[in-house]
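# Secondary and tertiary structure notes
Here are the chains, one letter per residue:
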Amino acid sequence: MIKVVIIGGGNVATHLYQSFSCEDKLDIVQVFNRNKAHLNFVREKHKRISDPEKIEEADLYLIAVKDEKITEVANKLTLKSGVVAHTSGSQPMNSLNRFQNFGVFYPLQTFSKSRPVDFKEVPICVEANTSANLNFLKKVATLISNRIYEVDSEQRRVLHLSAVLVNNFSNHLFTLADEYCRENELPF
């Protein structure tokens, strides 16, 4: 059984919790967020924690917070023996290099708490500081997804930027088309 601590209370943390909870070989021991009220998605109340000093030992610590908060959150963690990985597409893996075992576990997907996601179809990009840690992250990823890719920090940054561009440009085109229809008294 792989013990996991999820750090964060947003969309990515919510979906990782839901996906990991369905897998027998993964045991979510805790979900941490500085604001416990943001952890209502965690069914087991005793697993919701807001004190970083109470984070237990685990095999994997997944930091699923806003990109600009990753380093700040990581610096508040006491050194852990398990693998510490963030879920960002744009941040370099080395932002976690204060830990002995670190990496990236990046699900390439836009997440909304209200929209269900079939994680089996979500590409997961992994990177780690050692081959053993990389194999470990791949093992975890294969438990929830059929699409695992080894991607370094620069490739992941490019991939993330490409995904944001495609997603946002498409949404912008929909907005322009909607405005054009309205101007011509047509329903979009």
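Look a little higher up for the structure.
Below, the structure is looked at part by part. Once a new chain begins, its residue numbering starts again from 1 and follows that chain's sequence as written. In keeping with the model being predicted, local features are shown solely for residues with a pLDDT of at least 70 and side-chain atom pairs are shown and tallied solely at 80 or more, while totals for entire chains, interfaces and linings include all residues. Heavy atoms from the whole structure form the basis of all side-chain values; hydrogens and water molecules are not counted.

Across its full length, the protein carries 4 helices and 8 strands. Counting from the N terminus, the helices are DSSP H or I runs at least four residues long and the strands are E runs at least two residues long. Secondary structure elements of the protein, listed N to C terminal, follow the sequence β-α-β-β-β-α-β-β-β-α-β-α. It is over C-alpha atoms that the radius of gyration is taken, and the globule rule equals 2.2 Å times the number of residues to the power 0.38. Computed over C-alpha atoms, the radius of gyration of the protein comes to 18 Å, within 12% of the 16 Å expected from 2.2 N^0.38 for 188 residues, which places it in the range of a compact globule. Dimensions of the protein, computed from the C-alpha atoms along their principal axes, are close to 60 × 35 × 30 Å. Type-normalised accessible area, obtained with a 1.4 Å probe on protein chains alone, sets the label of each residue: buried when under 20%, exposed when over 50%, and partly exposed for intermediate values. In the protein, which comprises 188 residues, the share counted as buried stands at 44%. Only heavy atoms enter the contact rule, under which two residues are in contact if any of them lie within 4.5 Å. Nonlocal contacts in the protein, meaning residues at least 24 apart in sequence, comprise 54% of its contacts between residues at least 6 apart.

Here, a salt bridge means any side-chain nitrogen of Lys or Arg that lies within 4 Å of a carboxyl oxygen of Asp or Glu. Counted by the stated rule, this structure contains 6 salt bridges. Among the ionic pairs, glutamate 72 bridges to lysine 76, the shortest N-O distance being 3.6 Å. Separated by 4 residues within a single helix, glutamate 72 and lysine 76 lie in helix H2 (residues 70-76), roughly one turn from each other. Residue classification places lysine 76 among the exposed positions, given a relative accessible area of 52%. When the shortest N-O distance is used, the salt bridge between aspartate 178 and arginine 182 registers 3.0 Å. Pair noted here: aspartate 178 and arginine 182 are both in helix H4 (residues 153-183), with a separation of 4 residues, about one helical turn. Aspartate 178 gets classed as buried once you look at its relative accessible area, which sits at 19%. Arginine 182 gets classed as exposed once you look at its relative accessible area, which sits at 59%. Each of the salt bridges in this network shares a partner with another, and the network as a whole consists of Asp27, Glu44 and Lys47.

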